[in-house]
Amino acid sequence: MDVPPSLPAAPSRFIDRLRMFIRSRNMAYATEKTYVHWVLRYIRFHGRRYPEQLKAEYVDAFLSHFAVHKH
């Protein structure tokens, strides 16, 4: 059985805040896992920089990389 991990009452880590946001919208756990997976790929692609530091052109670079190199 796939059980969502528990979260702290006041999450400070970005991923925990993302999970809390998704859960507050009552989205399925499978959706949460997918969103977290893609956000982690995005963060790793940009050298583990915080998403709050990245601008729109970083999203374009990430998506272009997947379109060109990952098909």
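Our structure is the block above this text.
Residues numbered from 1 in each chain as written. Predicted model: local features only at pLDDT ≥ 70, side-chain atom pairs only at ≥ 80, totals over all residues. Heavy atoms only, no water.

## As for the packing of helix 1 (residues 14-24) against helix 2 (residues 29-45)
Then step 1. Following both chains from N to C, one finds helix 1 and helix 2 inclined at 150 degrees, their axes separated by 10 Å at the closest point. On the basis of the axis angle, helix 1 is roughly antiparallel to helix 2. Seen from above, helix 1 lies across helix 2 with right-handed handedness. In this structure, helix 1 uses Phe-14, Ile-15, Leu-18, Arg-19, Ile-22 and Arg-23 to contact helix 2, whose residues at the interface are Tyr-29, Glu-32, Tyr-35, Val-36, Val-39, Leu-40 and Ile-43. (Axes fitted to C-alpha atoms, helices over the stretch in contact; angles between N-to-C directions. Helix = DSSP H or I, 4+ residues; strand = E, 2+ residues; numbered from the N terminus. Parallel < 35°, antiparallel > 145°, perpendicular 65-115°, else oblique. Left-handed = near helix turned anticlockwise from the far one by under 90°. Contact = heavy atoms within 4.5 Å.)

## Considerations on the environment of Arg-44
Then step 1. Following the sequence through the fold, Arg-44 ends up in helix 2.
Then step 2. The class for Arg-44 is partly exposed, based on a relative accessible area of 48%.
Then step 3. Separated by 15 residues in the primary sequence, Arg-44 and Val-59 place their C-alpha atoms 13 Å from one another. (Buried < 20%, exposed > 50% of the residue type's maximum accessible area, 1.4 Å probe, protein only.)

## Concerning the layout of surface pockets
Then step 1. Within this model, the largest pocket holds a volume of roughly 200 Å³.
Then step 2. Of all the secondary-structure elements, those providing two or more residues to the lining of the largest pocket are helix 1 and helix 2.
Then step 3. Classifying every residue of the lining of the largest pocket by side-chain character gives six nonpolar, no polar and five charged. (1 Å grid on protein atoms, 1.4 Å probe; cavity = no way out; pocket = protein on both sides within 12 Å on 5 of 7 lines; lining within 4 Å. Points joined across faces, edges and corners; volume = space filled by probe spheres on them. Nonpolar A, V, L, I, M, F, W, Y, C, P; charged D, E, K, R; others polar.)

## A few points about the pattern of salt bridges
Then step 1. Per the counting criterion, the structure on display carries five salt bridges.
Then step 2. The closest approach of N and O atoms between Lys-33 and Asp-2, which form a salt bridge, is 2.3 Å. Note that Lys-33 is positioned in helix 2 and Asp-2 in the segment before helix 1, a separation of 31 residues in sequence.
Then step 3. Lys-33 sits in the partly exposed class, given a relative accessible area of 35%.
Then step 4. Arg-19 serves as the salt-bridge partner of Glu-32, at 2.6 Å between the closest nitrogen and oxygen. Taken as a pair, Glu-32 in helix 2 and Arg-19 in helix 1 lie far apart in primary sequence, 13 residues in all. (Salt bridge = Lys/Arg side-chain N within 4 Å of Asp/Glu carboxyl O.)

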